[in-house]
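# Residue-level structure breakdown
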Amino acid sequence: MHHEVAVFDAARVAGLIGQIDVQAVLRRMFLALAQGSAVQPPQLRNLFPDAQGNFISYLGIHGSERLFGAKLSPYIPRPQGALVTAWTLLLSMDDGQPRLLCDAGQLTVERTAGATALAVDLLAPAGVSKLAVIGSGRLGLAHLRHVLPLRDWQEIRLHSLGIAELPAVQRQALLDIDPHVGIHAQLASAVADADVIMLCTSAGVSVLDPALLTKPALITSICTNAQFAHEVPPASLPQMEVYCDYRATTPDSAGEMRLAREQHHWSPASIRGDLPELVVGSAPLPAYDRHVFFRSIGLGLEDVAIAGELYRLHRQQS
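Before going into details, it helps to say that this report is about the structure given with it. (Residues numbered from 1 in each chain as written. Predicted model: local features only at pLDDT ≥ 70, side-chain atom pairs only at ≥ 80, totals over all residues. Heavy atoms only, no water.)

## Focus on the sheet that holds strand E10 (residues 155-159)
- If you trace the eight strands from one edge of the open sheet to the other, you get E11-E10-E9-E12-E13-E16-E14-E15, paired in parallel fashion. For this open sheet the edge positions go to strand E11 (181-183) and strand E15 (273-274), each flanked by a neighbour on one side alone.
- Pairing analysis gives five bridges linking strand E9 (residues 130-134) to E10, with the strands arranged parallel. Across the sheet, Ala 132 pairs through a bridge with Arg 157, a residue of E10.
- Packed on one face of the sheet, helix H8 (residues 255-263) meets strand E14 (241-244) and strand E16 (292-295) and runs near 120° to E16. (Pairing = 2+ DSSP bridges. Helix = DSSP H or I, 4+ residues; strand = E, 2+ residues; numbered from the N terminus. Contact = heavy atoms within 4.5 Å. Axes fitted to C-alpha atoms, helices over the stretch in contact; angles between N-to-C directions.)

Structure follows, in structure tokens:
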């Protein structure tokens, strides 16, 4: 049976992805990973010659969906700012033939936010009400959209660099997201007594020192492609209960984990749980007698799972 290879540009992905329940797709995928019917190889960073940038390859084998694939994401430094793109290639485990090549920009945003939201749903106590979102770009707003329905948020505080200088129209657009949204010019006021703090920046160095917080919080972090990038100080890891998206691969890629291991006597063995373990209920839940830190690096399997769902939807509709 001949299968055409679908090619989706950014516009086609954007048109389809809103029809997908991203968290449900990821929950099934992490369940497959826990049950051994999916495989997540390590991320690989490959340097371009002469310091011209690098690319990360994100691989994944989703046996329960009979799909495997790769996302390639280059980081290309330029005088006007680094360029980061991403494309995902999906192939069939049954005939080895390609099914889909898609622009993975929006796909990456949605799967990143969806994985964080899944972690918030699994780790945050039922009664939490104060949410801080650090970063008001595409990723920050996607994170907010994904976690909005998960808890009864009474306060949602948005902070990013330069948020106070935004034009009135853009400020209003942020406030219109939800009646509980407030804009905070200062990081300190955004995170003060927050229950959940989502770090959604492209920072390469620390954004938030958990030691400055007044009560235990769930802190989530995603970070960027830059070498050793981190959003919390590596020295803070030994003081927190640490969770991650996948314990087999995250500690070797996450900047603060690598630095904490080398410089601050932190061990990946102290990770309390990852998303596969949390989804099946085999990881201990946090006691919240100290800060809880969830780190995701983004998994190739997430890209494969979401791309597979995009392809299925495309086949249904055509």
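## Regarding the packing of aromatic side chains
- Considering all chains together, one arrives at one aromatic pair under this definition.
- If you follow Arg 111 out to its NZ or CZ, it ends over the ring of Tyr 58, 5.5 Å from the centre. (Phe/Tyr/Trp six-rings, centres within 6.5 Å; stacked < 30°, edge-to-face > 60°. Lys NZ or Arg CZ within 6 Å of the ring centre and 35° of its normal.)

## Looking at the pairing of strand E13 (residues 218-221)
- Burial along E13 is two-sided: the residues Leu 218 and Thr 220 and Ile 219 and Ser 221 are all buried.
- In this structure, strand E12 (residues 196-199) lies alongside E13, joined through four bridges in parallel fashion. Paired with Val 196 across the bridge in E13 is Leu 218.
- Strand direction decides the pairing type here: E13 and E16, joined by four bridges, are parallel. Across the sheet, the residue bridging to Ile 219 is Phe 293, located in E16. (Buried < 20%, exposed > 50% of the residue type's maximum accessible area, 1.4 Å probe, protein only.)

## Concerning the pattern of salt bridges
- In total, this model carries 18 salt bridges according to the counting rule given.
- Note that Arg 145 is salt-bridged to Glu 110, the shortest N-O span being 2.4 Å. Taken together, the positions of Arg 145 in helix H4 (residues 138-147) and Glu 110 in helix H3 (residues 105-123) put the pair 35 residues apart, joining distant regions of the chain.
- Note on Arg 145: relative accessible area 45%, which makes it partly exposed.
- The class of Glu 110 is buried, set by a relative accessible area of 6%.
- Ionic pairing is found between Arg 261 and Asp 252, a salt bridge with its closest N-O pair at 3.4 Å. (Salt bridge = Lys/Arg side-chain N within 4 Å of Asp/Glu carboxyl O.)

## Quick word on unusual backbone geometry
- Positive phi outside glycine occurs at Asp 50, with the angle close to 60°.
- Among the secondary structure elements, Asp 50 is positioned in the loop between strand E3 (44-47) and strand E4 (54-62).
- Residue classification places Asp 50 among the exposed residues on the basis of a relative accessible area of 70%.
- Although it is not a glycine, Tyr 288 sits at a positive phi angle of roughly 60°.
- Turning to its location among the elements, Tyr 288 is positioned in the loop between helix H9 (275-280) and E16.
- You can call Tyr 288 buried: its relative accessible area is 17%.

## Observations regarding the pairing of E16
- Residues Val 292 and Phe 294 of E16 are buried on one face, and the alternating residues Phe 293 and Arg 295, pointing to the opposite face, are buried as well.
- Two strands pair when backbone bridges link them, and E14 and E16 are joined in this way by four bridges, in the parallel orientation. Considered in E16, the bridge of Tyr 243 is made with Phe 294.

## Here's the deal with the nonpolar core
- Phe 30, Leu 131, Val 196, Ile 197, Ile 219, Leu 237 and Leu 275 are the most contacted members of the largest nonpolar core, which has 88 residues in total.
- Dropping the residues within four chain positions of it, Ile 197 is found in contact with Ala 132, Ile 134, Val 191, Leu 208, Leu 213, Ala 217, Leu 218, Ile 219 and Thr 220. (Core = buried A, V, L, I, M, F, W, Y, C linked by side-chain atoms within 4.5 Å.)

## Quick word on the packing of helix H2 (residues 22-35) against helix H10 (residues 300-317)
- Orientation of H2 relative to H10, taken along the N-to-C sense of each, is 125°, at an axis distance of 10 Å. Here H10 runs oblique to H2, going by the angle between their axes. When you trace H2 past H10, the crossing you get is right-handed. Within the contact between the two elements, H2 uses Val 22, Val 25, Leu 26, Arg 28, Met 29, Phe 30 and Leu 33 and H10 uses Leu 301, Glu 302, Ala 305, Ile 306 and Glu 309. (Parallel < 35°, antiparallel > 145°, perpendicular 65-115°, else oblique. Left-handed = near helix turned anticlockwise from the far one by under 90°.)

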